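Structure at a glance
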Amino acid sequence: MEVRVTKSSMPDFTEYMKEIQDLWDTVWLTNMGSKHQLLQKHLSKYLNVEKISLFCNGHMALELALQAFGLTGQVITTPFSFASTTHAIVRNDLTPVFCDINEEDYTIDADKIEQLITPKTTAILPVHVYGNICDHDKIMEIAKKHGLKVIYDAAHAFGIEKNGVNVASYGDASMLSFHATKVFHTIEGGAVVSAYDWLHEKLYQLKNFGIKNEEVVDEIGANAKMNEFQAAMGLCNLRHIDSEIARRKRVAERYREHLEGIAGVKLCRIKDDVKYNYAYFPVIFDSDRLPLDRDIIFEKLKEQHIFTRKYFFPLINEFDCYRPIYHAAKTPVAKKIASSVLCLPIFADLEWNEVDEICRLIKDMIGK
């Protein structure tokens, strides 16, 4: 048995071929063609948001969203995220200020944000981690008090709702990732959701080299357009997204049947008011209460051809490119979680017998 940590969802081959067939007639392959426009429309409806801008990938969506707001100075964010989050800040000549996370759901600790605000702070960039939702109400309260923008990294949060409200609508803007490893994907891709008309107009220009019209280029933009083949994949996958999430949910529930309640093993708490997407299945292995640590479990599973992921490890403030400036000791909770978390395989096609075997191996290792 070999099990990868994830497996991209794919539509039936003939469905995708049918979706792209008319591209050979129109020969319109990029630059916001009909597939792009149709996916934008369907995503707006599915996410119950008024406006969404599509991009070639999630990183460029975030980077250009930050640029569009014209931010300066410092942006408060979390070190417990993928590299893209902080890189997007730095590539906009902004300074990241790292706030610790909470031990409950691994999102930014909203109670620690305000003490990090300085006269140079212009925005907060929180991250919904593993589909766990940030304390949005508290974050917005702080942002309004200090006149800050809130731009969410919602790469893990496609389709997630709290009390019936899609979290993509949170903040001044939210970035979604449609990378091949995500619950919903367009092979590569991403989006920005925001209620601001002006922001979408500016993003449209920024993702197309800053070109305003055929004779005017008045912004320094990038090439970040989603092409028609990506959009076609998105149109196919969106038709099956509810089934995809339902199948992932069954896998997650099977894991919980095996692992919930074991001393030294912590799972994310499921909240009744949240509709989840089951994008990840993180497990915290407490080495103080177990006979072996996360790293040994990782290696022993790999020996059995079961590939998990230390996600997120190392912390961003421990990356070689940031280490001379930042110190992970200042975010002790994040450091603790990063050293003990392991994301187990989860995808729609994962069989129950595979889940059972993964859990059997883990329980044998830790003597449970």
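See the structure shown above.
So, here is what we can say about the structure in this document. (Residues numbered from 1 in each chain as written. Predicted model: local features only at pLDDT ≥ 70, side-chain atom pairs only at ≥ 80, totals over all residues. Heavy atoms only, no water.)

An α-helix turns once per 3.6 residues; consequently, residues spaced three or four apart project the same way. Within the span of helix α10 (residues 294-303), buried status applies to Arg294, Ile297, Phe298 and Leu301. Along the long axis of α10, the arc covered by the buried residues comes to 100°, so they all point the same way. Against β14 (281-285), α11 (332-338), β15 (341-344) and α12 (352-366) lie the buried residues of α10. Structurally, the start of α10 carries an N-cap: the backbone nitrogen of Asp295 is 3.2 Å from a side-chain oxygen of Asp293. Positive backbone phi, approximately 65°, marks His305, located one or two places after α10. (Buried < 20%, exposed > 50% of the residue type's maximum accessible area, 1.4 Å probe, protein only. Helix = DSSP H or I, 4+ residues; strand = E, 2+ residues; numbered from the N terminus. Arc of directions from axis to C-beta. Contact = heavy atoms within 4.5 Å. Polar contact = N/O pair within 3.5 Å; in protein donor to acceptor, adjacent residues only side chain to side chain.)

Judged by nonpolar contacts, the single largest core of 94 residues is most densely connected at Phe80, Tyr130, Tyr255 and Leu259. In terms of residue count, the dominant contributor to this core is α12 (seven residues). If we ignore the near neighbours within four places in the chain, the residues touching Phe80 are Ile101, Tyr106, Val129, Tyr130, Tyr311, Phe312, Leu315, Ala334, Ile337, Ala338 and Val341. Ranked by size, the runner-up nonpolar core spans 27 residues in total, among them Leu64, Ala88, Met175 and Val192. (Core = buried A, V, L, I, M, F, W, Y, C linked by side-chain atoms within 4.5 Å.)

We now examine the environment of Pro291. Among the secondary structure elements, Pro291 is positioned in the loop between β14 and α10. On the accessibility criterion, Pro291 (62% relative accessible area) is exposed. Distance from Pro291 to Leu39, taken between C-alpha atoms, is 50 Å for residues 252 residues apart in sequence. Sequence-distant contacts of Pro291, defined by excluding residues within four places in its chain, comprise Met365 and Ile366.

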